[in-house]
Amino acid sequence: MKVNGQNYRTVWWEEASLFYIEQNLLPFTFRIAEARSYTDCCDAIRNMSIRGAGAIGAMAGFAMALASVQAPDEKYSEFLLQARKDIEATRPTARNLFYAVEKVYNHALRTRQNAISEAQRLADQDAADSRKIGEIGNTLIKDGFHIETHCNAGWLAFVDYGTALSPVYLAHEQGKNIFIYVGETRPRCQGARLTAWELNQAGIPHVIIPDNAGASLMARGKVNIMIVGADRIAVNGDVANKIGTLEKAIVAHEYGIPFYVAAPTSTIDFHCKNGAQIPIEERSGDEVLYMEGVTGAGKLERVLICSPGSSAYNPSFDVTPAKYITGIITEKGIIHPDTRSIANLNVHLRESGKFNQ
Ligand code: MRU
């Protein structure tokens, strides 16, 4: 994707170093950061300098590759195993993180160069899958559509293109007249900060709406379709995504509005039977109690916005039952969220050699 006319990925390997876009500073400052060790990568994932299912998956794969470079010859496999555990402990919900770590770890057991090549292949695959999701999802978007989205499932959340926003970019490129409602997505405001910034970069008409305005817009017939991303998909079609997704899906169902999830097949956890088995991250209550923004002087500041002395509870994801989901837009096509369709997809993926899980 282009930032100020220049092409970027969210994370990339260059001459034995790893670079990424520091998302915690956006939309106020665009800065490239460097990770020199796998523990740098762990910190970046944990503090959400890099976030979004695909982007943390790619970062985790590169982190595993960096670990193989760091590992001393005499303790190579012990070092790799510890690194794998550390990387997997950073964030629990996004399937892509575990998917990438497992694949790169297995390659790292052979050679360091194998690990680096596999991490790069996964990042390239992520970008290609996202692009394909855009092409397939675009067929659902008609000229004049008003589209609602939640959180950030644009290119910042993947290596490139994104998932929920990939069809939006393509529809806009093809000259379709579209308008996007961007839910702010408290507490970290990935919608207001990141999705809105991405749409601004692409020149796509949009407004930011309060998280609690979605139902009212749907009730008044202002939304034609809702498209969101996913952090993990169970084999029965239940979907974990950013907190607040569940409410939107129920409301969309009530008002007969198509509700689509866009995600690559690497987000499907074929070992996870249903949504109840998906681990849900709980983050610090401070993310609810405090808010961050820039002052008129351009200084990034964090302020308390709640009653002093109160504590906060901050579950980061929720699970939307399959019955509320119209379809899942994958790079292999739009699938119905049910056990049989997802099992068929798994067979197809195994036959085409994409998965060895
Ligand atoms: O906590 P985050 O920002 O890493 O959350 C992940 C997300 O961005 C969303 O849940 C998104 O909709 C799915 S990831 C493309």
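Residues numbered from 1 in each chain as written. Predicted model: local features only at pLDDT ≥ 70, side-chain atom pairs only at ≥ 80, totals over all residues. Heavy atoms only, no water.

1. A short note on empty space enclosed by the protein
Okay, step 1: Counted under the stated rule, the structure contains 5 cavities of 30 Å³ or more.
Okay, step 2: Within this model, the largest cavity holds a volume of roughly 170 Å³.
Okay, step 3: Forming the walls of the largest cavity are 18 residues, and the residues nearest its centre are Arg 51, Gly 52, Ala 53, Asn 152 and Asp 231.
Okay, step 4: Looking at the lining of the largest cavity residue by residue, the classes come out as 8 nonpolar, 6 polar and 4 charged.
Okay, step 5: Each of two domains, domain 1 (2–130) and domain 2 (140–281 + 316–352), supplies a minimum of three residues to the lining of the largest cavity.
Okay, step 6: Considering only enclosed or pocket space, the second largest cavity measures out at about 110 Å³ in volume.
Okay, step 7: Lining of the second largest cavity is provided by Gly 54, Gly 57, Ala 58, Asn 96, Tyr 99, Ala 100, Leu 122, Ala 123, Gln 125, Asp 126, Asp 129 and Ser 266. (1 Å grid on protein atoms, 1.4 Å probe; cavity = no way out; pocket = protein on both sides within 12 Å on 5 of 7 lines; lining within 4 Å. Points joined across faces, edges and corners; volume = space filled by probe spheres on them. Nonpolar A, V, L, I, M, F, W, Y, C, P; charged D, E, K, R; others polar. Domains from an automatic or database assignment.)

2. Considerations on the packing of helix α5 (residues 112–138) against helix α6 (residues 166–173)
Okay, step 1: For the pair α5 and α6, interaxial distance at closest approach is 7 Å and the crossing angle is 65 degrees. Where α5 crosses over α6, the two elements pack in a sense that is right-handed. Every residue of α6 that contacts α5 at Ser 130, Arg 131, Ile 133, Gly 134, Glu 135, Gly 137 and Asn 138 is listed here: Ser 166, Pro 167, Leu 170, Ala 171 and Glu 173.
Okay, step 2: Here the residues of the contact of α5 with α6 are counted per class, giving 4 nonpolar, 5 polar and 3 charged. (Axes fitted to C-alpha atoms, helices over the stretch in contact; angles between N-to-C directions. Helix = DSSP H or I, 4+ residues; strand = E, 2+ residues; numbered from the N terminus. Left-handed = near helix turned anticlockwise from the far one by under 90°. Contact = heavy atoms within 4.5 Å.)

3. Side note on the domain arrangement of the protein
Okay, step 1: Looking at the assigned domains, one finds that the protein contains domain 1 (2–130), domain 2 (140–281 + 316–352) and domain 3 (282–315).
Okay, step 2: Placing the centre of domain 2 and that of domain 3 at their C-alpha centroids yields a distance of 26 Å.
Okay, step 3: Of the residues lining the interface, 10 residues belong to domain 2; the matching set on domain 3 comes to 10 residues.
Okay, step 4: Contact with domain 3 buries surface across domain 2, with Arg 186, Pro 187 and Glu 281 losing the most and accounting together for 47% of the total.
Okay, step 5: Our enumeration of links across domain 2 and domain 3 arrives at 3 salt bridges.
Okay, step 6: The salt bridge involving Glu 281 is made with Arg 283; its shortest N-O contact spans 2.9 Å.
Okay, step 7: Taken together, the connections running from domain 2 to domain 3 amount to 5 residue pairs in polar contact (both at pLDDT 80 or more).
Okay, step 8: For the side of domain 2 that touches domain 3, the class distribution of residues is 5 nonpolar, 1 polar and 4 charged. (Buried area = accessible area lost by both parts, 1.4 Å probe. Salt bridge = Lys/Arg side-chain N within 4 Å of Asp/Glu carboxyl O. Polar contact = N/O pair within 3.5 Å; in protein donor to acceptor, adjacent residues only side chain to side chain.)

4. Notes on the site of the ligand
Okay, step 1: Around the ligand, the structure places 17 residues, and the nearest of them are Arg 51, Arg 91, Asp 231, Asn 241 and Lys 242.
Okay, step 2: Separating an oxygen atom of the ligand from a backbone N or O atom of Asn 152 is a distance of 3.0 Å.
Okay, step 3: Asn 241 is positioned with one of its side-chain polar atoms (N or O) 2.7 Å from an oxygen atom of the ligand.
Okay, step 4: The fraction of the free accessible surface of the ligand (400 Å²) that becomes covered by protein chains is 100%.
Okay, step 5: Under a 2 Å grid-point criterion requiring more than half of the atoms, the pocket assigned to the ligand is the largest cavity.
Okay, step 6: Looking at the shell around the ligand residue by residue, the classes come out as 8 nonpolar, 5 polar and 4 charged.
Okay, step 7: When residues are assigned to domains, the shell around the ligand turns out to be shared by domain 1 (2–130) and domain 2 (140–281 + 316–352), each giving three or more. (Near = heavy atom within 4 Å. Areas by Shrake-Rupley, 256 points an atom, 1.4 Å probe, with all protein chains shown as cover. Sits in = over half its atoms within 2 Å of the grid points.)

5. Regarding the nonpolar core
Okay, step 1: Val 11, Leu 18, Met 59 and Met 64 are the most contacted members of the largest nonpolar core, which totals 47 residues.
Okay, step 2: If you list the elements that add at least two residues to this core, you get β3 (11–14), β4 (17–21), β5 (32–35), α1 (38–46), α2 (53–70), α3 (76–88), α4 (95–108) and α5.
Okay, step 3: It is α2 that provides the largest number of residues to this core, a total of 12 residues.
Okay, step 4: Lining this core are residues from two domains, each supplying at least three of them: domain 1 (2–130) and domain 2 (140–281 + 316–352).
Okay, step 5: When sequence neighbours within four positions are dropped, the list of residues in contact with Leu 18 reads Val 11, Trp 12, Trp 13, Ala 33, Glu 34, Ala 35, Cys 41, Met 59, Phe 62 and Leu 66.
Okay, step 6: Listed in part, the 33 residues of the second largest apolar core include Leu 156, Val 168, Ile 227 and Tyr 260. (Core = buried A, V, L, I, M, F, W, Y, C linked by side-chain atoms within 4.5 Å. Buried < 20%, exposed > 50% of the residue type's maximum accessible area, 1.4 Å probe, protein only.)

6. What to know about the layout of surface pockets
Okay, step 1: Counted as a void, the largest pocket has a volume near 410 Å³.
Okay, step 2: Taken together, 17 residues line the largest pocket, and the ones lying closest to its centre are Asn 24, Pro 187, Arg 188, Arg 193 and Glu 292.
Okay, step 3: Among the elements of the structure, α7 (190–202), α10 (286–289) and β13 (290–294) are those that each provide at least two residues to the lining of the largest pocket.
Okay, step 4: Classifying every residue of the lining of the largest pocket by side-chain character gives 7 nonpolar, 3 polar and 7 charged.
Okay, step 5: Size it by volume and the second largest pocket reaches roughly 170 Å³.
Okay, step 6: Arg 186, Asp 211, Ile 243, Gly 244 and Glu 247 are the residues nearest the centre of the second largest pocket, which is lined by 13 residues in total.
Okay, step 7: Taken together, the residues of the lining of the second largest pocket break down into 5 nonpolar, 4 polar and 4 charged.
Okay, step 8: Formed jointly, the lining of the second largest pocket draws a minimum of three residues from each of two domains, domain 2 (140–281 + 316–352) and domain 3 (282–315).

7. Quick look at the packing of aromatic side chains
Okay, step 1: Tallied over the entire structure, the rule returns 8 aromatic pairs.
Okay, step 2: Taken together, a centroid distance of 6.0 Å and an interplanar angle of 20 degrees make the contact between Phe 30 and Trp 197 stacked. Of this pair, Phe 30 sits in the loop between β4 and β5 while Trp 197 sits in helix α7, and the two are 167 residues apart along the sequence.
Okay, step 3: Residue Phe 30 is classed as partly exposed on the basis of its relative accessible area of 26%.
Okay, step 4: Exposure remark for Trp 197: the relative accessible area of 10% places this residue in the buried category.
Okay, step 5: Members of the aromatic cluster, joined through ring pairs, are Tyr 8, Trp 12, Phe 19, Phe 30, Trp 155 and Trp 197.
Okay, step 6: We note Lys 242 situated over the ring of Phe 317; from NZ or CZ to the ring centre the distance is 4.1 Å. (Phe/Tyr/Trp six-rings, centres within 6.5 Å; stacked < 30°, edge-to-face > 60°. Lys NZ or Arg CZ within 6 Å of the ring centre and 35° of its normal.)

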